[in-house]
Amino acid sequence: MQIFVDSADYKQIEHWLEEGVVDGATTNPSIMFKDGVPDIEEGARKLAALLQERPLSVEVTTNDRATMLQEARTFATWARNIVVKIPVVNEHGESCLGVMHRLTEEGIAINATAILSFNQAILAAKAGATYVSIFAGRVADEGNDPAVVIRNVRNWLEEWKVPARIIVGSIRTVMDIQSAALAGAHIITIPPQFLPKMVDHRYTRETVRQFVQDAEKTLAQMSKAKVQVATTGAR
Ligand code: E4P
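**Observations regarding helix 9 (residues 174-183)**
One full turn of an α-helix is made of 3.6 residues, so residues set three or four places apart face in the same direction. Within the sequence span of helix 9, burial applies to Ile177, Ala180 and Ala183. The buried side chains of helix 9 occupy one side of the element, clustering within an arc of 135° when seen end-on. In this fold, the buried residues of helix 9 make contact with helix 8 (146-159), strand 7 (165-169), strand 8 (187-190) and helix 10 (195-199). One or two residues past the end of helix 9 sits glycine 184, with phi positive at roughly 115°.

The structure is reproduced here in C-alpha coordinates:
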(Lines give C-alpha, C1' and ligand atoms only; values in the text may rest on other atoms or scores of the structure.)
Protein backbone atom coordinates (compact mmCIF):
# COMPACT_ATOMS: atom_id res chain seq x y z
CA MET A 1 0.00 0.00 0.00
CA GLN A 2 1.22 3.50 -0.76
CA ILE A 3 0.98 6.66 1.29
CA PHE A 4 0.42 10.05 -0.27
CA VAL A 5 0.40 13.34 1.63
CA ASP A 6 -2.82 15.31 1.16
CA SER A 7 -1.13 18.69 1.22
CA ALA A 8 0.44 21.55 -0.70
CA ASP A 9 2.75 22.42 2.21
CA TYR A 10 6.30 22.16 0.79
CA LYS A 11 8.00 21.82 4.18
CA GLN A 12 5.65 19.09 5.39
CA ILE A 13 6.03 17.07 2.19
CA GLU A 14 9.81 17.49 2.32
CA HIS A 15 9.88 16.38 5.95
CA TRP A 16 7.85 13.21 5.35
CA LEU A 17 9.83 12.42 2.20
CA GLU A 18 12.95 12.48 4.37
CA GLU A 19 11.21 10.09 6.76
CA GLY A 20 10.89 7.72 3.80
CA VAL A 21 7.13 7.18 3.93
CA VAL A 22 5.80 9.27 1.05
CA ASP A 23 4.92 7.84 -2.38
CA GLY A 24 3.16 10.92 -3.76
CA ALA A 25 0.95 13.89 -2.91
CA THR A 26 -2.55 15.13 -3.63
CA THR A 27 -3.86 18.67 -3.64
CA ASN A 28 -7.11 20.41 -4.47
CA PRO A 29 -8.03 24.09 -4.69
CA SER A 30 -9.07 24.17 -1.00
CA ILE A 31 -5.75 22.65 0.10
CA MET A 32 -3.77 25.07 -2.08
CA PHE A 33 -5.70 27.96 -0.52
CA LYS A 34 -5.27 26.66 3.05
CA ASP A 35 -1.55 26.03 2.56
CA GLY A 36 -0.98 29.53 1.17
CA VAL A 37 -0.16 28.63 -2.43
CA PRO A 38 -1.19 31.77 -4.35
CA ASP A 39 -0.14 30.60 -7.82
CA ILE A 40 -1.20 27.09 -8.86
CA GLU A 41 1.41 26.74 -11.59
CA GLU A 42 4.34 27.92 -9.48
CA GLY A 43 3.19 25.85 -6.49
CA ALA A 44 2.58 22.71 -8.57
CA ARG A 45 5.94 22.97 -10.34
CA LYS A 46 7.79 23.31 -7.02
CA LEU A 47 5.97 20.38 -5.42
CA ALA A 48 6.39 18.22 -8.53
CA ALA A 49 10.15 18.86 -8.51
CA LEU A 50 10.31 18.04 -4.79
CA LEU A 51 8.47 14.76 -5.33
CA GLN A 52 10.72 13.81 -8.29
CA GLU A 53 9.16 10.77 -9.98
CA ARG A 54 6.36 10.41 -7.43
CA PRO A 55 2.88 11.54 -8.58
CA LEU A 56 1.42 14.92 -7.66
CA SER A 57 -2.33 15.39 -8.19
CA VAL A 58 -3.50 18.87 -9.21
CA GLU A 59 -7.21 19.56 -9.62
CA VAL A 60 -8.98 21.48 -12.39
CA THR A 61 -10.61 24.71 -11.24
CA THR A 62 -13.76 24.86 -13.34
CA ASN A 63 -17.21 23.32 -13.89
CA ASP A 64 -16.93 23.73 -17.65
CA ARG A 65 -15.87 20.49 -19.31
CA ALA A 66 -14.18 22.10 -22.32
CA THR A 67 -12.15 24.28 -19.95
CA MET A 68 -11.26 21.19 -17.88
CA LEU A 69 -9.72 19.65 -20.98
CA GLN A 70 -7.66 22.77 -21.64
CA GLU A 71 -6.53 23.12 -18.01
CA ALA A 72 -5.60 19.45 -17.82
CA ARG A 73 -3.47 19.66 -20.97
CA THR A 74 -1.69 22.72 -19.56
CA PHE A 75 -1.13 21.15 -16.10
CA ALA A 76 0.35 18.06 -17.75
CA THR A 77 3.05 20.20 -19.42
CA TRP A 78 4.32 21.51 -16.06
CA ALA A 79 5.98 18.26 -14.99
CA ARG A 80 5.99 14.62 -15.99
CA ASN A 81 4.69 13.46 -12.60
CA ILE A 82 1.57 15.63 -12.58
CA VAL A 83 -1.72 13.73 -12.43
CA VAL A 84 -4.83 15.76 -13.21
CA LYS A 85 -7.75 15.54 -10.81
CA ILE A 86 -11.13 15.61 -12.52
CA PRO A 87 -14.31 15.39 -10.42
CA VAL A 88 -16.60 12.54 -11.40
CA VAL A 89 -19.40 15.09 -11.96
CA ASN A 90 -19.30 18.88 -11.89
CA GLU A 91 -21.36 20.91 -9.43
CA HIS A 92 -24.36 20.72 -11.79
CA GLY A 93 -24.27 16.93 -11.80
CA GLU A 94 -22.98 16.71 -15.37
CA SER A 95 -20.78 13.69 -15.97
CA CYS A 96 -17.05 14.38 -16.38
CA LEU A 97 -16.32 10.78 -17.43
CA GLY A 98 -15.90 11.87 -21.07
CA VAL A 99 -13.27 14.41 -20.01
CA MET A 100 -11.39 11.68 -18.14
CA HIS A 101 -11.66 9.32 -21.09
CA ARG A 102 -10.40 11.83 -23.63
CA LEU A 103 -7.45 12.91 -21.48
CA THR A 104 -6.54 9.29 -20.73
CA GLU A 105 -6.48 8.60 -24.47
CA GLU A 106 -4.09 11.55 -24.83
CA GLY A 107 -1.76 9.91 -22.30
CA ILE A 108 -2.57 12.22 -19.36
CA ALA A 109 -2.90 10.43 -16.02
CA ILE A 110 -6.23 11.12 -14.32
CA ASN A 111 -7.26 11.03 -10.68
CA ALA A 112 -11.07 10.76 -10.64
CA THR A 113 -11.97 12.75 -7.57
CA ALA A 114 -14.84 13.45 -5.16
CA ILE A 115 -16.06 9.84 -5.42
CA LEU A 116 -18.69 8.95 -2.84
CA SER A 117 -20.17 5.71 -4.16
CA PHE A 118 -19.30 2.32 -5.64
CA ASN A 119 -21.03 3.17 -8.91
CA GLN A 120 -19.10 6.40 -9.38
CA ALA A 121 -15.85 4.55 -8.75
CA ILE A 122 -16.46 1.77 -11.26
CA LEU A 123 -17.56 4.20 -13.98
CA ALA A 124 -14.47 6.38 -13.47
CA ALA A 125 -12.30 3.27 -13.64
CA LYS A 126 -14.06 2.19 -16.86
CA ALA A 127 -13.51 5.67 -18.33
CA GLY A 128 -9.76 5.11 -17.89
CA ALA A 129 -8.86 6.96 -14.70
CA THR A 130 -5.50 5.87 -13.29
CA TYR A 131 -6.74 6.60 -9.76
CA VAL A 132 -10.22 6.66 -8.23
CA SER A 133 -10.36 8.84 -5.12
CA ILE A 134 -12.93 7.67 -2.58
CA PHE A 135 -13.60 10.41 -0.02
CA ALA A 136 -13.96 8.36 3.17
CA GLY A 137 -14.91 11.19 5.54
CA ARG A 138 -17.57 12.49 3.19
CA VAL A 139 -18.96 8.97 2.57
CA ALA A 140 -19.33 8.69 6.37
CA ASP A 141 -20.96 12.17 6.51
CA GLU A 142 -23.73 10.70 4.35
CA GLY A 143 -24.31 7.86 6.81
CA ASN A 144 -22.52 5.23 4.73
CA ASP A 145 -19.59 3.02 5.70
CA PRO A 146 -16.47 3.96 3.73
CA ALA A 147 -14.86 0.57 4.45
CA VAL A 148 -17.69 -1.20 2.62
CA VAL A 149 -17.35 1.06 -0.43
CA ILE A 150 -13.55 0.64 -0.48
CA ARG A 151 -13.73 -3.16 -0.12
CA ASN A 152 -16.41 -3.50 -2.82
CA VAL A 153 -14.53 -1.31 -5.30
CA ARG A 154 -11.28 -3.19 -4.64
CA ASN A 155 -13.00 -6.54 -5.19
CA TRP A 156 -14.62 -5.31 -8.39
CA LEU A 157 -11.34 -3.95 -9.80
CA GLU A 158 -9.66 -7.26 -9.09
CA GLU A 159 -12.48 -9.44 -10.36
CA TRP A 160 -12.61 -7.61 -13.69
CA LYS A 161 -8.88 -6.87 -13.88
CA VAL A 162 -9.39 -3.14 -14.24
CA PRO A 163 -6.07 -1.42 -13.52
CA ALA A 164 -7.33 1.71 -11.66
CA ARG A 165 -5.95 2.18 -8.17
CA ILE A 166 -8.00 3.31 -5.19
CA ILE A 167 -6.87 6.41 -3.32
CA VAL A 168 -8.71 6.94 -0.06
CA GLY A 169 -8.91 10.61 0.90
CA SER A 170 -10.98 12.83 3.18
CA ILE A 171 -9.25 11.39 6.22
CA ARG A 172 -10.63 12.85 9.46
CA THR A 173 -9.14 10.64 12.17
CA VAL A 174 -6.20 8.28 12.61
CA MET A 175 -8.68 5.41 12.82
CA ASP A 176 -9.89 6.24 9.27
CA ILE A 177 -6.38 5.41 8.03
CA GLN A 178 -6.37 2.00 9.67
CA SER A 179 -9.87 1.21 8.43
CA ALA A 180 -9.03 2.24 4.85
CA ALA A 181 -5.83 0.19 4.87
CA LEU A 182 -7.65 -2.92 6.10
CA ALA A 183 -10.55 -2.39 3.68
CA GLY A 184 -8.20 -2.61 0.68
CA ALA A 185 -7.08 0.91 -0.26
CA HIS A 186 -4.15 0.83 -2.69
CA ILE A 187 -3.18 4.30 -1.50
CA ILE A 188 -4.24 6.51 1.40
CA THR A 189 -3.70 10.23 1.10
CA ILE A 190 -3.07 11.54 4.58
CA PRO A 191 -3.21 15.15 5.82
CA PRO A 192 0.24 15.73 7.39
CA GLN A 193 -1.11 16.46 10.88
CA PHE A 194 -2.02 12.77 11.27
CA LEU A 195 1.44 11.38 10.51
CA PRO A 196 3.05 12.29 13.88
CA LYS A 197 0.01 10.74 15.62
CA MET A 198 0.49 7.54 13.62
CA VAL A 199 4.13 7.16 14.59
CA ASP A 200 4.01 8.20 18.25
CA HIS A 201 2.82 6.18 21.25
CA ARG A 202 3.15 7.09 24.94
CA TYR A 203 4.01 3.54 25.96
CA THR A 204 6.69 3.28 23.24
CA ARG A 205 8.30 6.40 24.73
CA GLU A 206 8.16 4.82 28.20
CA THR A 207 9.61 1.56 26.88
CA VAL A 208 12.50 3.36 25.17
CA ARG A 209 13.08 5.44 28.34
CA GLN A 210 13.49 2.20 30.31
CA PHE A 211 15.97 0.81 27.74
CA VAL A 212 18.01 4.02 27.73
CA GLN A 213 18.13 4.09 31.54
CA ASP A 214 19.23 0.45 31.71
CA ALA A 215 21.80 1.03 28.95
CA GLU A 216 23.25 3.88 31.02
CA LYS A 217 23.45 1.60 34.09
CA THR A 218 25.15 -1.15 32.02
CA LEU A 219 27.66 1.31 30.53
CA ALA A 220 28.46 2.63 34.03
CA GLN A 221 29.05 -0.93 35.27
CA MET A 222 31.26 -1.72 32.27
CA SER A 223 33.46 1.32 32.76
CA LYS A 224 33.71 0.58 36.51
CA ALA A 225 34.86 -2.97 35.66
CA LYS A 226 37.43 -1.62 33.18
CA VAL A 227 38.88 0.71 35.82
CA GLN A 228 39.20 -2.27 38.23
CA VAL A 229 41.03 -4.34 35.57
CA ALA A 230 43.36 -1.44 34.81
CA THR A 231 44.22 -0.79 38.47
CA THR A 232 44.34 -4.35 39.93
CA GLY A 233 44.77 -6.52 36.85
CA ALA A 234 41.80 -8.48 38.23
CA ARG A 235 39.23 -9.90 35.86
C1 E4P B 1 -8.17 13.92 -1.70
O2 E4P B 1 -7.48 13.80 -2.71
C3 E4P B 1 -8.74 15.22 -1.29
O4 E4P B 1 -7.77 16.21 -1.47
C5 E4P B 1 -9.18 15.35 0.15
O6 E4P B 1 -8.83 14.22 0.88
C7 E4P B 1 -10.58 15.82 0.27
O8 E4P B 1 -11.07 15.63 1.54
P9 E4P B 1 -11.95 16.66 2.37
O10 E4P B 1 -12.18 17.88 1.52
O11 E4P B 1 -13.19 15.95 2.74
O12 E4P B 1 -11.10 16.97 3.57
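Let's pick the thread back up.
**Remarks on the pairing of strand 5 (residues 110-115)**
With five of six residues buried, strand 5 lies mostly within the body of the structure. Relative to strand 5, strand 4 (residues 82-87) runs parallel, the two sharing four bridges. When the bridges of strand 5 are listed, lysine 85 appears paired with asparagine 111. As paired strands, strand 5 and strand 6 (residues 131-135) are joined by three bridges and run parallel to one another. From the neighbouring strand, asparagine 111 faces strand 6, where its bridge partner is tyrosine 131.

**Let's talk about unusual backbone geometry**
Of note, alanine 114 is a non-glycine position whose phi angle comes to about 65°, a positive value. Note that alanine 114 resides in strand 5. The exposure class assigned to alanine 114 is partly exposed, which follows from its relative accessible area of 32%. Positive phi, close to 50°, is recorded for lysine 161, a residue that is not glycine. Here lysine 161 is to be found in the loop between helix 8 and strand 7.

**Brief notes about the pattern of salt bridges**
For the structure shown, the criterion picks out nine salt bridges. With a shortest N-O distance of 2.5 Å, glutamate 158 and arginine 154 are connected by a salt bridge. Of this pair, glutamate 158 and arginine 154 are both found in helix 8, four residues apart, which corresponds to roughly one turn of the helix. A salt bridge links aspartate 214 to lysine 217; its shortest N-O distance comes to 3.3 Å. Remark: lysine 217 and aspartate 214 occur in helix 11 (residues 202-232); sequence separation between them is three residues, near one turn of the helix. In this structure aspartate 214 comes out as partly exposed when scored by relative accessible area, which is 34%.

Cut-off values and rules
Residues numbered from 1 in each chain as written. Predicted model: local features only at pLDDT ≥ 70, side-chain atom pairs only at ≥ 80, totals over all residues. Heavy atoms only, no water. Buried < 20%, exposed > 50% of the residue type's maximum accessible area, 1.4 Å probe, protein only. Helix = DSSP H or I, 4+ residues; strand = E, 2+ residues; numbered from the N terminus. Arc of directions from axis to C-beta. Contact = heavy atoms within 4.5 Å. Pairing = 2+ DSSP bridges. Salt bridge = Lys/Arg side-chain N within 4 Å of Asp/Glu carboxyl O.

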